[in-house]
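Close look at the chain arrangement
This is what each chain is made of:
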Amino acid sequence: SVTFCRYVRYLIAVKDCGPSIPDAVRTGFIWVGRRLGFPVSVDSPLAQAMMDNLVLEKGQARRTAIPFAITHLILIEEGVCNKQLPQPLRLIGWWVLTLTYGTLRSNDALHTCPDLLELHGSFMGGESWRTKVDRAGRGTKWTVIRSSFSGKDWVADGFHILREIV
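Not measured: the values here are computed from a predicted model.

Notes on the overall build of the chain
- Scanning the chain from N- to C-terminus turns up 7 helices and 3 strands.
- Reading the secondary structure of the chain in the N-to-C direction produces α-α-α-α-α-α-β-β-β-α.
- Looking at the chain as a whole, 35% of its 166 residues qualify as buried.
- Contacts spanning at least 24 positions in sequence make up 60% of the contacts within the chain whose residues lie at least 6 apart.
- Surface accessibility of the chain: about 10,000 Å² in total, with carbon and sulfur atoms responsible for 57%.

Okay, structure coming up:
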């Protein structure tokens with residue numbers, strides 16, 4: 001099984017991982033765990049110490065994202081559509097792709113109500129509330145086009161997994 005400590009160890013090994021990534025992913029793990037209704041253990045002293053060490057080693061947070069390789073995106077797309085994989089893993093992959101293709105900051109994604117996501121013929125739409133740019137209550141609308149490098153409809157598959165649990 002994938003544990004948060006293993007994931008942090010992986011991030012430490014990745015050369016281009018900035019210090020803000022583990023905390024953003026930690027928050028994402030918690031979000032997915034709440035939505036799926038299963039406990040997520042991400043607050044162990046070991047994981048926190050590893051994250052603190054990463055910040056010390058890597059320095060300040062990056063302000064620009066490091067792009068995914070297309071081969072990695074294809075693997076994640078195929079994983080989301082693989083019905084033999086566990087739903088939580090598929091949902092996390094779907095959310096990572098949604099962040100990537102929707103050009104969302106992790107904080108914007110966490111302020112998106114899953115009940116209000118809409119799947120259309122050519123895109124999926126959502127709305128983030130309480131963003132840095134707009135705190136007036138309107139929210140910021142965003143979309144993810146139903147396209148892929150793998151030829152699979154990962155947007156619809158992940159959306160349907162989310163609908164089953166929400």
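That covers the picture; the talk isn't over yet.
Some points on the pairing of strand β2 (residues 123-128)
- Two elements, strand β1 (residues 118-119) and β2, share 2 bridges in a ladder whose sense is antiparallel. Among the inter-strand pairings, Leu 119 is bridged to a residue of β2, identified as Met 124.
- Between β1 and the antiparallel strand that follows it, β2, lie 3 residues.

Conventions used here
Residues numbered from 1 in each chain as written. Predicted model: local features only at pLDDT ≥ 70, side-chain atom pairs only at ≥ 80, totals over all residues. Heavy atoms only, no water. Helix = DSSP H or I, 4+ residues; strand = E, 2+ residues; numbered from the N terminus. Buried < 20%, exposed > 50% of the residue type's maximum accessible area, 1.4 Å probe, protein only. Contact = heavy atoms within 4.5 Å. Areas by Shrake-Rupley, 256 points an atom, 1.4 Å probe, with all protein chains shown as cover. Pairing = 2+ DSSP bridges.

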